Amino acid sequence: GEDDPPPARPAKAGADGSSAAAAPGPRVAFQVVLTSEVTPPQTNGWKATVAGILLLLLVASCVQLSLVANITKLPKETLEWLANPDNLNTDVLPPGLAGWDPSPYIASAFPVAISILGVNFLHELGHRIAAAVRGVKLGPTYFIPNLQIGSFGGITPLQSLLKNRGELWDVAAAGPIAGVSASIALLAIGLSQSHPGGLPQELLVPVPTQLFQGSLLLGSITRLALGPEALARPDVFISPLVIAGWCGLISNSLNLLPVGCLDGGRMVQSAFGMQALSLSAFFTYVGLGLGLLGSSLSLPFGLYVLICQRTAERYIQDNVSPVATQKQTATAIAVLTAVLVLVPMAPEVAQSVGVGPTPNLFM
(Lines give C-alpha, C1' and ligand atoms only; values in the text may rest on other atoms or scores of the structure.)
Protein backbone atom coordinates (compact mmCIF):
# COMPACT_ATOMS: atom_id res chain seq x y z
CA GLY A 1 0.00 0.00 0.00
CA GLU A 2 0.93 3.63 0.14
CA ASP A 3 2.20 3.23 3.72
CA ASP A 4 4.52 0.35 2.90
CA PRO A 5 8.22 1.19 3.38
CA PRO A 6 10.30 1.46 0.19
CA PRO A 7 12.27 -1.60 -0.76
CA ALA A 8 15.82 -1.75 0.55
CA ARG A 9 18.50 -0.74 -1.94
CA PRO A 10 20.64 -3.75 -2.84
CA ALA A 11 24.23 -3.58 -1.69
CA LYS A 12 26.76 -2.90 -4.43
CA ALA A 13 28.83 -5.95 -5.25
CA GLY A 14 32.56 -5.65 -4.75
CA ALA A 15 35.24 -6.63 -7.21
CA ASP A 16 35.37 -10.17 -5.77
CA GLY A 17 31.61 -10.60 -5.96
CA SER A 18 30.99 -9.90 -2.28
CA SER A 19 28.63 -7.15 -1.19
CA ALA A 20 30.40 -4.04 0.06
CA ALA A 21 28.95 -2.11 2.99
CA ALA A 22 27.92 1.45 2.27
CA ALA A 23 30.34 4.05 3.62
CA PRO A 24 28.90 5.92 6.61
CA GLY A 25 28.04 9.56 5.98
CA PRO A 26 28.56 12.50 8.33
CA ARG A 27 26.60 12.41 11.56
CA VAL A 28 24.83 15.49 12.83
CA ALA A 29 24.30 15.94 16.57
CA PHE A 30 21.63 18.13 18.11
CA GLN A 31 21.23 19.23 21.71
CA VAL A 32 17.88 20.28 23.14
CA VAL A 33 18.18 22.92 25.85
CA LEU A 34 15.88 25.39 27.55
CA THR A 35 15.33 28.69 25.78
CA SER A 36 16.42 30.59 28.89
CA GLU A 37 19.85 28.93 28.74
CA VAL A 38 20.62 30.12 25.20
CA THR A 39 19.21 33.65 25.52
CA PRO A 40 21.82 36.31 26.29
CA PRO A 41 21.25 38.62 29.26
CA GLN A 42 18.90 41.47 28.44
CA THR A 43 19.32 45.18 29.17
CA ASN A 44 17.64 46.71 32.20
CA GLY A 45 17.40 50.25 33.49
CA TRP A 46 20.65 50.47 35.41
CA LYS A 47 22.68 49.10 32.49
CA ALA A 48 21.29 51.78 30.20
CA THR A 49 22.18 54.39 32.83
CA VAL A 50 25.75 53.11 33.03
CA ALA A 51 26.02 53.25 29.24
CA GLY A 52 24.86 56.88 29.28
CA ILE A 53 27.38 57.84 31.98
CA LEU A 54 30.20 56.17 30.06
CA LEU A 55 29.17 58.07 26.93
CA LEU A 56 29.55 61.36 28.78
CA LEU A 57 32.94 60.24 30.10
CA LEU A 58 33.96 59.36 26.53
CA VAL A 59 33.17 62.90 25.41
CA ALA A 60 35.13 64.29 28.37
CA SER A 61 38.16 62.08 27.68
CA CYS A 62 38.22 63.09 24.00
CA VAL A 63 38.02 66.78 24.91
CA GLN A 64 40.80 66.32 27.49
CA LEU A 65 42.98 64.55 24.93
CA SER A 66 42.48 67.31 22.37
CA LEU A 67 43.42 70.01 24.91
CA VAL A 68 46.52 68.17 26.11
CA ALA A 69 47.65 67.43 22.56
CA ASN A 70 47.67 71.17 21.86
CA ILE A 71 49.07 72.33 25.19
CA THR A 72 52.22 73.67 23.56
CA LYS A 73 50.08 76.44 22.02
CA LEU A 74 49.65 78.00 25.46
CA PRO A 75 51.93 80.96 26.27
CA LYS A 76 55.42 80.00 27.42
CA GLU A 77 55.04 81.66 30.83
CA THR A 78 51.78 79.77 31.35
CA LEU A 79 53.45 76.42 30.64
CA GLU A 80 56.29 77.24 33.03
CA TRP A 81 53.75 78.20 35.71
CA LEU A 82 51.78 74.97 35.19
CA ALA A 83 54.98 72.91 35.36
CA ASN A 84 55.33 73.85 39.05
CA PRO A 85 53.10 71.51 41.11
CA ASP A 86 52.79 74.08 43.90
CA ASN A 87 50.89 76.43 41.58
CA LEU A 88 48.15 73.90 40.86
CA ASN A 89 46.60 74.31 44.31
CA THR A 90 45.99 78.04 43.95
CA ASP A 91 43.08 79.97 42.47
CA VAL A 92 45.31 82.54 40.80
CA LEU A 93 44.99 82.99 37.04
CA PRO A 94 48.15 81.63 35.38
CA PRO A 95 50.39 84.33 33.94
CA GLY A 96 50.23 84.94 30.21
CA LEU A 97 46.49 84.33 29.81
CA ALA A 98 45.27 87.87 30.42
CA GLY A 99 45.61 89.11 26.86
CA TRP A 100 46.03 85.75 25.17
CA ASP A 101 43.95 84.87 22.12
CA PRO A 102 42.71 81.26 22.52
CA SER A 103 41.22 80.95 19.03
CA PRO A 104 44.24 79.11 17.46
CA TYR A 105 44.31 76.76 20.45
CA ILE A 106 40.61 75.94 20.12
CA ALA A 107 40.81 75.72 16.32
CA SER A 108 43.47 72.99 16.51
CA ALA A 109 41.96 71.16 19.52
CA PHE A 110 38.39 70.97 18.19
CA PRO A 111 39.16 68.71 15.17
CA VAL A 112 40.97 66.22 17.42
CA ALA A 113 38.04 65.79 19.82
CA ILE A 114 35.38 65.65 17.10
CA SER A 115 37.36 63.25 14.91
CA ILE A 116 38.11 60.77 17.71
CA LEU A 117 34.46 60.82 18.77
CA GLY A 118 33.47 60.28 15.15
CA VAL A 119 35.75 57.26 14.79
CA ASN A 120 34.25 55.66 17.90
CA PHE A 121 30.69 56.33 16.78
CA LEU A 122 31.35 55.01 13.26
CA HIS A 123 32.87 51.86 14.73
CA GLU A 124 29.76 51.18 16.76
CA LEU A 125 27.49 52.17 13.88
CA GLY A 126 29.19 49.50 11.76
CA HIS A 127 28.30 46.87 14.34
CA ARG A 128 24.69 47.99 14.50
CA ILE A 129 24.15 48.18 10.76
CA ALA A 130 25.50 44.65 10.30
CA ALA A 131 23.40 43.40 13.21
CA ALA A 132 20.23 45.03 11.86
CA VAL A 133 20.75 43.51 8.42
CA ARG A 134 21.06 40.03 9.96
CA GLY A 135 18.33 40.44 12.57
CA VAL A 136 20.71 40.34 15.52
CA LYS A 137 19.75 42.31 18.61
CA LEU A 138 22.47 44.32 20.35
CA GLY A 139 22.47 45.90 23.77
CA PRO A 140 23.65 49.44 24.59
CA THR A 141 27.29 50.24 23.94
CA TYR A 142 29.48 50.70 27.00
CA PHE A 143 32.30 53.00 25.87
CA ILE A 144 35.56 52.69 27.77
CA PRO A 145 37.20 56.13 28.09
CA ASN A 146 40.98 56.47 28.05
CA LEU A 147 42.96 59.67 28.53
CA GLN A 148 45.80 58.67 26.18
CA ILE A 149 43.87 57.76 23.02
CA GLY A 150 40.36 58.90 23.91
CA SER A 151 38.79 55.45 24.19
CA PHE A 152 39.59 51.76 24.39
CA GLY A 153 36.51 51.17 22.24
CA GLY A 154 33.24 49.87 23.56
CA ILE A 155 31.54 46.76 24.87
CA THR A 156 28.64 45.84 22.59
CA PRO A 157 26.78 42.86 24.07
CA LEU A 158 24.73 40.46 21.98
CA GLN A 159 21.11 40.09 23.09
CA SER A 160 19.86 37.43 20.70
CA LEU A 161 20.95 33.94 19.72
CA LEU A 162 23.16 33.90 16.64
CA LYS A 163 22.38 31.43 13.88
CA ASN A 164 25.96 30.45 13.05
CA ARG A 165 29.60 31.51 13.27
CA GLY A 166 29.37 33.43 10.01
CA GLU A 167 26.76 35.71 11.50
CA LEU A 168 29.04 36.41 14.46
CA TRP A 169 31.91 37.23 12.10
CA ASP A 170 29.81 39.67 10.08
CA VAL A 171 28.69 41.62 13.15
CA ALA A 172 32.16 41.62 14.73
CA ALA A 173 34.07 42.64 11.61
CA ALA A 174 31.74 45.48 10.61
CA GLY A 175 32.88 47.70 13.49
CA PRO A 176 36.64 47.60 12.74
CA ILE A 177 35.97 47.97 9.02
CA ALA A 178 34.15 51.26 9.66
CA GLY A 179 36.51 52.49 12.37
CA VAL A 180 39.73 51.63 10.56
CA SER A 181 38.47 53.14 7.30
CA ALA A 182 37.64 56.43 9.04
CA SER A 183 40.98 56.45 10.88
CA ILE A 184 42.96 55.81 7.69
CA ALA A 185 41.14 58.66 5.98
CA LEU A 186 41.92 61.02 8.87
CA LEU A 187 45.58 59.98 8.94
CA ALA A 188 45.97 60.36 5.17
CA ILE A 189 44.33 63.81 5.12
CA GLY A 190 46.34 64.89 8.14
CA LEU A 191 49.66 63.80 6.64
CA SER A 192 48.89 65.68 3.42
CA GLN A 193 48.06 68.79 5.46
CA SER A 194 51.33 68.47 7.39
CA HIS A 195 53.44 69.25 4.33
CA PRO A 196 54.56 72.86 3.75
CA GLY A 197 51.63 74.87 2.43
CA GLY A 198 49.04 72.37 3.66
CA LEU A 199 47.75 74.24 6.73
CA PRO A 200 48.63 77.61 8.28
CA GLN A 201 51.45 77.30 10.80
CA GLU A 202 49.24 78.39 13.70
CA LEU A 203 46.92 75.40 13.12
CA LEU A 204 49.70 72.81 13.13
CA VAL A 205 50.62 71.00 16.34
CA PRO A 206 54.26 70.48 17.41
CA VAL A 207 54.84 66.97 18.74
CA PRO A 208 58.04 65.13 19.72
CA THR A 209 59.17 62.83 16.92
CA GLN A 210 59.87 60.09 19.47
CA LEU A 211 56.11 59.60 19.77
CA PHE A 212 56.13 58.10 16.27
CA GLN A 213 58.32 55.29 17.61
CA GLY A 214 55.27 53.96 19.44
CA SER A 215 54.07 52.03 16.37
CA LEU A 216 56.21 50.05 13.97
CA LEU A 217 53.71 50.28 11.10
CA LEU A 218 52.32 53.78 11.64
CA GLY A 219 55.73 55.26 12.40
CA SER A 220 57.11 53.84 9.15
CA ILE A 221 54.14 55.17 7.18
CA THR A 222 54.55 58.62 8.71
CA ARG A 223 58.25 58.62 7.88
CA LEU A 224 57.49 57.77 4.25
CA ALA A 225 54.78 60.42 4.04
CA LEU A 226 56.66 63.29 5.69
CA GLY A 227 60.19 62.38 4.62
CA PRO A 228 63.31 61.55 6.65
CA GLU A 229 64.21 65.20 7.25
CA ALA A 230 60.96 65.96 9.09
CA LEU A 231 61.30 63.10 11.57
CA ALA A 232 65.04 63.55 12.09
CA ARG A 233 64.38 66.67 14.21
CA PRO A 234 63.33 66.56 17.89
CA ASP A 235 59.89 68.00 17.04
CA VAL A 236 57.68 67.99 13.97
CA PHE A 237 54.62 70.11 13.13
CA ILE A 238 51.64 68.00 12.10
CA SER A 239 47.96 68.45 11.38
CA PRO A 240 45.54 67.74 14.27
CA LEU A 241 43.95 65.06 12.05
CA VAL A 242 47.17 63.02 12.27
CA ILE A 243 46.65 62.78 16.03
CA ALA A 244 43.00 61.76 15.58
CA GLY A 245 43.78 59.17 12.90
CA TRP A 246 46.68 57.75 14.92
CA CYS A 247 44.54 57.38 18.07
CA GLY A 248 41.72 55.83 16.05
CA LEU A 249 44.01 53.22 14.51
CA ILE A 250 45.53 52.35 17.89
CA SER A 251 42.07 51.96 19.45
CA ASN A 252 40.76 49.78 16.61
CA SER A 253 43.93 47.68 16.61
CA LEU A 254 43.56 46.99 20.32
CA ASN A 255 40.03 45.77 19.66
CA LEU A 256 41.29 43.50 16.86
CA LEU A 257 43.49 41.54 19.26
CA PRO A 258 42.36 37.88 19.28
CA VAL A 259 41.14 37.48 22.83
CA GLY A 260 37.78 36.98 24.53
CA CYS A 261 34.83 38.84 23.07
CA LEU A 262 36.81 41.69 21.57
CA ASP A 263 36.13 42.16 17.88
CA GLY A 264 39.31 40.25 17.07
CA GLY A 265 38.36 37.48 19.48
CA ARG A 266 34.93 37.10 17.93
CA MET A 267 36.44 37.03 14.44
CA VAL A 268 39.03 34.37 15.36
CA GLN A 269 36.38 32.31 17.14
CA SER A 270 34.19 32.46 14.05
CA ALA A 271 36.96 31.80 11.54
CA PHE A 272 39.08 29.19 13.32
CA GLY A 273 37.18 27.90 16.36
CA MET A 274 37.62 27.94 20.11
CA GLN A 275 40.98 26.16 20.22
CA ALA A 276 42.55 28.77 17.96
CA LEU A 277 41.01 31.53 20.07
CA SER A 278 42.41 30.03 23.29
CA LEU A 279 45.90 29.74 21.79
CA SER A 280 45.89 33.25 20.33
CA ALA A 281 44.50 34.69 23.57
CA PHE A 282 47.44 33.18 25.49
CA PHE A 283 50.00 34.90 23.28
CA THR A 284 47.98 38.13 23.40
CA TYR A 285 48.06 38.16 27.19
CA VAL A 286 51.82 37.49 27.10
CA GLY A 287 52.33 40.39 24.68
CA LEU A 288 50.23 42.73 26.80
CA GLY A 289 51.93 41.62 30.00
CA LEU A 290 55.40 42.25 28.58
CA GLY A 291 54.44 45.59 27.08
CA LEU A 292 55.03 44.38 23.53
CA LEU A 293 51.54 45.36 22.35
CA GLY A 294 50.51 48.95 22.88
CA SER A 295 53.51 50.10 24.97
CA SER A 296 52.16 52.14 27.90
CA LEU A 297 48.59 51.11 27.00
CA SER A 298 49.30 47.41 27.42
CA LEU A 299 48.77 47.17 31.19
CA PRO A 300 45.50 49.15 31.48
CA PHE A 301 44.09 47.53 28.35
CA GLY A 302 45.09 44.06 29.55
CA LEU A 303 43.36 44.64 32.89
CA TYR A 304 40.26 45.91 31.09
CA VAL A 305 40.13 42.76 28.93
CA LEU A 306 40.65 40.46 31.92
CA ILE A 307 37.85 42.13 33.87
CA CYS A 308 35.30 42.81 31.12
CA GLN A 309 36.09 40.99 27.86
CA ARG A 310 37.88 37.71 28.60
CA THR A 311 34.90 35.38 27.98
CA ALA A 312 34.28 34.12 24.45
CA GLU A 313 30.83 34.22 22.86
CA ARG A 314 28.67 31.17 23.55
CA TYR A 315 25.22 32.16 22.27
CA ILE A 316 25.61 30.57 18.82
CA GLN A 317 23.08 28.04 17.54
CA ASP A 318 25.39 26.41 14.98
CA ASN A 319 28.88 26.58 16.44
CA VAL A 320 30.24 23.82 14.20
CA SER A 321 29.83 24.82 10.55
CA PRO A 322 32.94 26.67 9.31
CA VAL A 323 32.94 30.08 7.68
CA ALA A 324 34.15 30.87 4.19
CA THR A 325 37.86 30.79 3.42
CA GLN A 326 37.77 34.49 2.53
CA LYS A 327 36.69 35.34 6.07
CA GLN A 328 39.51 33.21 7.50
CA THR A 329 42.04 35.03 5.33
CA ALA A 330 40.61 38.43 6.24
CA THR A 331 40.78 37.53 9.94
CA ALA A 332 44.45 36.54 9.72
CA ILE A 333 45.33 39.74 7.85
CA ALA A 334 43.40 41.91 10.32
CA VAL A 335 45.07 40.38 13.38
CA LEU A 336 48.56 40.57 11.84
CA THR A 337 48.05 44.22 10.85
CA ALA A 338 46.80 45.07 14.34
CA VAL A 339 49.92 43.54 15.86
CA LEU A 340 52.17 45.55 13.52
CA VAL A 341 50.33 48.73 14.54
CA LEU A 342 50.68 47.98 18.25
CA VAL A 343 54.30 46.77 18.32
CA PRO A 344 56.58 49.73 19.10
CA MET A 345 59.80 50.42 17.24
CA ALA A 346 62.94 49.14 18.88
CA PRO A 347 65.51 51.95 19.32
CA GLU A 348 67.81 50.30 16.78
CA VAL A 349 65.01 50.09 14.22
CA ALA A 350 63.94 53.69 14.83
CA GLN A 351 67.49 54.88 14.35
CA SER A 352 67.99 52.85 11.18
CA VAL A 353 64.78 54.10 9.51
CA GLY A 354 65.22 57.66 10.72
CA VAL A 355 62.27 58.08 13.11
CA GLY A 356 63.32 60.45 15.89
CA PRO A 357 66.59 62.28 16.44
CA THR A 358 69.81 60.27 16.42
CA PRO A 359 71.33 60.24 19.91
CA ASN A 360 74.73 61.80 20.39
CA LEU A 361 76.88 59.05 21.87
CA PHE A 362 79.60 61.52 22.92
CA MET A 363 77.44 63.51 25.30
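Please read all numbers here as calculations on a predicted model, not as lab measurements. (Residues numbered from 1 in each chain as written. Predicted model: local features only at pLDDT ≥ 70, side-chain atom pairs only at ≥ 80, totals over all residues. Heavy atoms only, no water.)

### Considering the pairing of strand S2 (residues 150-155)
Now for step 1: Within S2, 6 of the 6 residues are buried, which leaves the element mostly enclosed by the surrounding structure.
Now for step 2: Here strand S1 (residues 142-146) folds back onto S2 in antiparallel fashion, the turn holding 3 residues. (Buried < 20%, exposed > 50% of the residue type's maximum accessible area, 1.4 Å probe, protein only. Helix = DSSP H or I, 4+ residues; strand = E, 2+ residues; numbered from the N terminus. Pairing = 2+ DSSP bridges.)

### Observations concerning the side chain of Ser215
Now for step 1: Relative to the elements of secondary structure, Ser215 occurs in the loop between strand S4 (205-208) and helix H5 (216-226).
Now for step 2: One polar contact links the side chain of Ser215 to the main-chain amide nitrogen of Leu218, over a distance of 3.1 Å. (Polar contact = N/O pair within 3.5 Å; in protein donor to acceptor, adjacent residues only side chain to side chain.)

### Brief notes about helix H7 (residues 240-255)
Now for step 1: With 16 residues, H7 extends 23 Å from end C-alpha to end C-alpha; this agrees with the ideal 22 Å at 1.5 Å per step.
Now for step 2: H7 sits mainly inside the fold: 16 of its 16 residues count as buried. (Expected span 1.5 Å × (residues − 1).)

### Side note on the pattern of salt bridges
Now for step 1: The final tally for this structure, using the stated rule, is 3 salt bridges.
Now for step 2: Note that Arg266 and Glu313 form a salt bridge whose closest N and O atoms lie 2.7 Å from each other. Here the residue Arg266 occupies a position in helix H8 (residues 263-272), and Glu313 occupies one in the loop between helix H10 (298-309) and strand S6 (316-318), the gap between them amounting to 47 residues. Grouping residues by exposure puts Arg266 and Glu313 together as buried. (Salt bridge = Lys/Arg side-chain N within 4 Å of Asp/Glu carboxyl O.)

### So, the packing of aromatic side chains
Now for step 1: Following the criterion strictly, the structure yields 7 aromatic pairs and no others.
Now for step 2: Note on Phe282 and Phe283: the rings are 5.4 Å apart at their centroids and 75° apart in plane angle, and the pair reads as edge-to-face.
Now for step 3: Accessibility expressed as a relative area gives 53% for Phe283, which makes it exposed. (Phe/Tyr/Trp six-rings, centres within 6.5 Å; stacked < 30°, edge-to-face > 60°.)

### Focus on the nonpolar core
Now for step 1: Counting residues in hydrophobic clusters, the biggest one holds 53 residues, and the most contacted among them are Ile250, Leu254, Leu257 and Phe301.
Now for step 2: The leading source of residues in this core is H7, at 9 residues.
Now for step 3: Excluding residues within four positions of it along the chain, Leu254 makes contact with Ile149, Phe152, Leu262, Leu297, Phe301 and Leu342.
Now for step 4: Listed in part, the 8 residues of the second largest apolar core include Ala131, Leu138, Leu158 and Leu168. (Core = buried A, V, L, I, M, F, W, Y, C linked by side-chain atoms within 4.5 Å. Contact = heavy atoms within 4.5 Å.)

### Section: the pairing of S1
Within a regular beta strand, the side chains point alternately toward one face of the sheet and then the other, so they alternate between its two faces.
Now for step 1: Counting buried residues in S1 gives 4 out of 5 residues, a clear majority hidden from the surface.
Now for step 2: Sheet topology places S1 next to S2; 4 bridges connect them, and they run antiparallel. Pairing of Pro145 across the sheet is with Ser151, part of S2.

### Digging into the side chain of Ser183
Now for step 1: Assignment of secondary structure puts Ser183 in helix H4 (residues 165-193).
Now for step 2: Residue class for Ser183 comes out buried when judged on its relative accessible area of 0%.
Now for step 3: For Ser183, the side chain forms a polar contact with the main-chain oxygen of Gly179, separated by 2.9 Å.
Now for step 4: When near neighbours in sequence (up to four residues on either side) are disregarded, Ser183 contacts Val119, Gly245, Gly248, Leu249 and Asn252.

### A look at H8
Now for step 1: With 9 of 10 residues buried, H8 lies mostly within the body of the structure.
Now for step 2: Here H8 has its buried residues at Asp263, Gly264, Gly265, Arg266, Met267, Val268, Gln269, Ser270 and Ala271.
Now for step 3: Each element contacted by the buried residues of H8 is listed here: helix H3 (103-134), H4, H7, helix H9 (274-289), S6 and helix H11 (325-342).

Read these as layout, nothing more, since geometry by itself doesn't imply function.
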